[in-house]
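Take a look at the letters that make up each chain.
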Amino acid sequence: MMVIQGGYNGEGLKVAIVVPRFNDLVTSKLLEGALDGLMRHGVSEKDITVVKIPGSMEAIYTLRKLLDLELHDAIIVLGAVIRGETYHFNVVANEIGKAVAQFNMKSDIPIVFGVLTTDTLEQALNRAGAKSGNKGFEAAMVAIEMANLRKQLRRDLFETSNSNGRER
């Protein structure tokens, strides 16, 4: 049995973080958590690109551009979509979630979904470091693990396929 998994060593990884300015009270704390997580696990500050966008919907365009550049080992999408009195919450929350899933299906670069979808500002702040940990930090851990998993899959599966006389 072969078991392949990523690890939490971020040395040498290049990571992009897409973060909206909308709901900055929350998203700035998510960004702080993500940066802390990345750098605490060896990702160099010079290898982190932070792309600030107006709101969560603009992440879709930004993701496509970042993926086209192929400069990063992982991309983290942060955000805070807080339910209001209109249907707008549902549209934004659903579309950004679907877009990240679709890009992940087509891309070789892992994209981590770190967008909070909450009913209240208080819930969002709790998930951005007040009570329930920092989901930005958690997204950074996932990004490091997935970037390393990508490398492991390439290395281990390539070696396995070549040792069996098959080429990919």
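Think of each chain on its own: its residues are numbered from 1, step by step along the sequence as written. Totals for whole chains, interfaces and linings use every residue, but because this is a predicted model, local features are given only for residues with pLDDT of at least 70 and side-chain atom pairs only at 80 or more, for both listing and counting. Note that the side-chain values use all heavy atoms of the structure and ignore hydrogens as well as water.

Concerning the side chain of D47
Following the sequence through the fold, D47 ends up in the loop between α1 (24-40) and β2 (48-53). Note on classification: 1.4 Å probe, protein chains only; a residue is buried when its accessible area is under 20% of the maximum for its type, exposed when over 50%, partly exposed between these limits. Owing to a relative accessible area of 11%, D47 belongs among the buried residues under this scheme. Nitrogen and oxygen atoms within 3.5 Å of one another constitute a polar contact, given that in protein one can donate a hydrogen and the other can accept it, and given that sequence-neighbouring residues count only through two side-chain atoms. At 3.0 Å, the side chain of D47 forms a polar contact with the side chain of K14. Those residues in contact with D47 that sit more than four places away from it in its chain are L13, K14 and V15. Runs of E in the DSSP output that reach at least two residues are strands. Runs of H or I that reach at least four are helices, and both are numbered from the N terminus. By definition, residues are in contact when any of their heavy atoms lie within 4.5 Å.

Some details on the nonpolar core
One broad rule of soluble globular proteins: the nonpolar side chains tend to lie buried together. Judged by nonpolar contacts, the single largest core of 25 residues is most densely connected at I17, V26, L38, I76 and L78. Among the secondary structure elements, those contributing two or more residues to this core are β1 (15-20), α1, β3 (74-82), β4 (111-118) and α5 (135-163). Per-element tally for this core: the top contributor is α5, with six residues. Discounting chain neighbours no more than four positions away, the residues touching L38 are V15, I17, V43, I48, I76, A140 and I144. Residues grouped as a nonpolar core are buried Ala, Val, Leu, Ile, Met, Phe, Trp, Tyr and Cys residues, joined through side-chain atoms within 4.5 Å. Of all hydrophobic cores here, the second largest spans 19 residues; its members include V77, V81, F89 and V92.

Some thoughts on the pairing of β3
Counting buried positions along β3 gives eight out of nine residues, so the element sits mostly inside the fold. Paired strands, as defined in this entry, are two strands with at least two bridges between them according to DSSP. Bridge count between β1 and β3: four bridges; the pairing is parallel. Each bridged residue has a counterpart across the sheet, and for V18 the counterpart in β3 is V77. Clockwise travel from the first strand over the helix to the second, with the strands pointing away from the viewer, marks a crossover as right-handed. What joins β3 to β4 is helix α3 (residues 88-106), and the crossover it makes is right-handed.

Quick notes on the pairing of β2
By the bridge criterion, six bridges tie β1 to β2 in an arrangement that is parallel. For I17, the partnering residue across the bridge sits in β2 and is V50. The handedness of the β1 to β2 crossover, carried by α1, is right-handed.

Thoughts on the sheet that holds β4
Read across the sheet, four strands follow the order β2-β1-β3-β4 without closing on themselves; strand pairing throughout is parallel. Each end of this open sheet is capped by a strand with a single partner; those strands are β2 and β4. Geometrically, the sheet is characterised by an average inter-axis angle of 15° between neighbouring strands, direction not taken into account. For helices, the axis comes from a line fit to the C-alpha atoms of the stretch in contact; other axes are also lines fit to C-alpha atoms, and the angle between any two N-to-C directions lies between 0 and 180 degrees.

Looking at the environment of N90
Here N90 lies in helix α3. Taking the C-alpha atoms as reference, N90 lies 9.3 Å from T117; in sequence the two are 27 residues apart.

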